[in-house]
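An overview of the molecular structure
Now for the letters of each chain:
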Amino acid sequence: MGILNVGDRAPRFTAVLSYGESGSLGDYLGKQPLVLFFYPKDETAGCTREVCSYRDSYGEIRGFGAALLGVSFDGRESHERFIDNHRLPFPLIADSGRALSRLYGAVRWGGPWPRAKRVTYVIDREGIMRGVFHHELRYTKHVADVLSLLREM
């Protein structure tokens with residue numbers, strides 16, 4: 001499955017967040033937009049820059065009324081260390097089984113192992129994709145795109 005498109009209905013999901021709490025798309029529907037971003041790996045140079053750019057813009061994202069969740073294939077323990085090491089104020093989803101990433105078209109197939117795509121979705125209160133941003137090497141462009149879209153919404 002490929003990356004989802006603007007106008008698509010967001011696939012419903014339930015996942016375990018960073019410290020064991022449960023979260024789902026339904027938690028946000030009817031209440032607030034959700035910024036859901038997928039990134040390849042905790043503690044790698046590009047991913048750390050991307051995730052920290054979300055951290056640094058978190059107040060502004062929240063100021064627009066949006067929630068923020070990050071997703072990677074890393075396990076919960078890795079996410080907990082990553083959150084602590086970089087003082088992240090938002091939860092991460094450990095998608096080690098890749099189910100959520102597959103559902104959102106964020107898995108790159110090829111080679112001996114699947115890899116994660118770097119893609120960000122902005123989902124409105126009704127569950128519709130309002131923004132889809134896919135920049136593999138322009139790590140901090142995702143945040144600029146998200147902020148620009150949230151200003152318009």
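Residues numbered from 1 in each chain as written. Predicted model: local features only at pLDDT ≥ 70, side-chain atom pairs only at ≥ 80, totals over all residues. Heavy atoms only, no water.

A word on helix α3 (residues 76–86). Restricting attention to buried positions, one finds in α3 the residues S78, H79, E80, F82, I83 and H86. Tucked inside the fold, the buried residues of α3 contact α1 (45–56), β4 (67–72) and β5 (92–94). Two residues or fewer after α3 comes R87, characterised by a positive phi angle close to 50 degrees. (Buried < 20%, exposed > 50% of the residue type's maximum accessible area, 1.4 Å probe, protein only. Helix = DSSP H or I, 4+ residues; strand = E, 2+ residues; numbered from the N terminus. Contact = heavy atoms within 4.5 Å.)

This paragraph deals with the sheet that holds strand β9 (residues 129–134). On the basis of which strands lie adjacent, the open sheet formed by five strands has the order β5-β4-β3-β8-β9 and mixed pairing. Of all the strands in the sheet, just β5 and β9 have a single pairing partner and so form its edges. In this sheet, adjacent strand axes meet at a mean angle of 20 degrees when their direction is disregarded. Inspection of the sheet shows β4 paired to β5 by three bridges, in the parallel sense. Directly across from S72, in β5, lies its bridge partner A94. Seen against the sheet, α1 touches β3 (34–38), β4 and β8 (119–123) and runs at an angle of roughly 165 degrees to β3. Contacting β3, β8 and β9, helix α5 (residues 141–152) runs over the sheet at an angle of about 160 degrees to β9. (Pairing = 2+ DSSP bridges. Axes fitted to C-alpha atoms, helices over the stretch in contact; angles between N-to-C directions.)

Function cannot be inferred from these measures alone, as they are strictly geometric.
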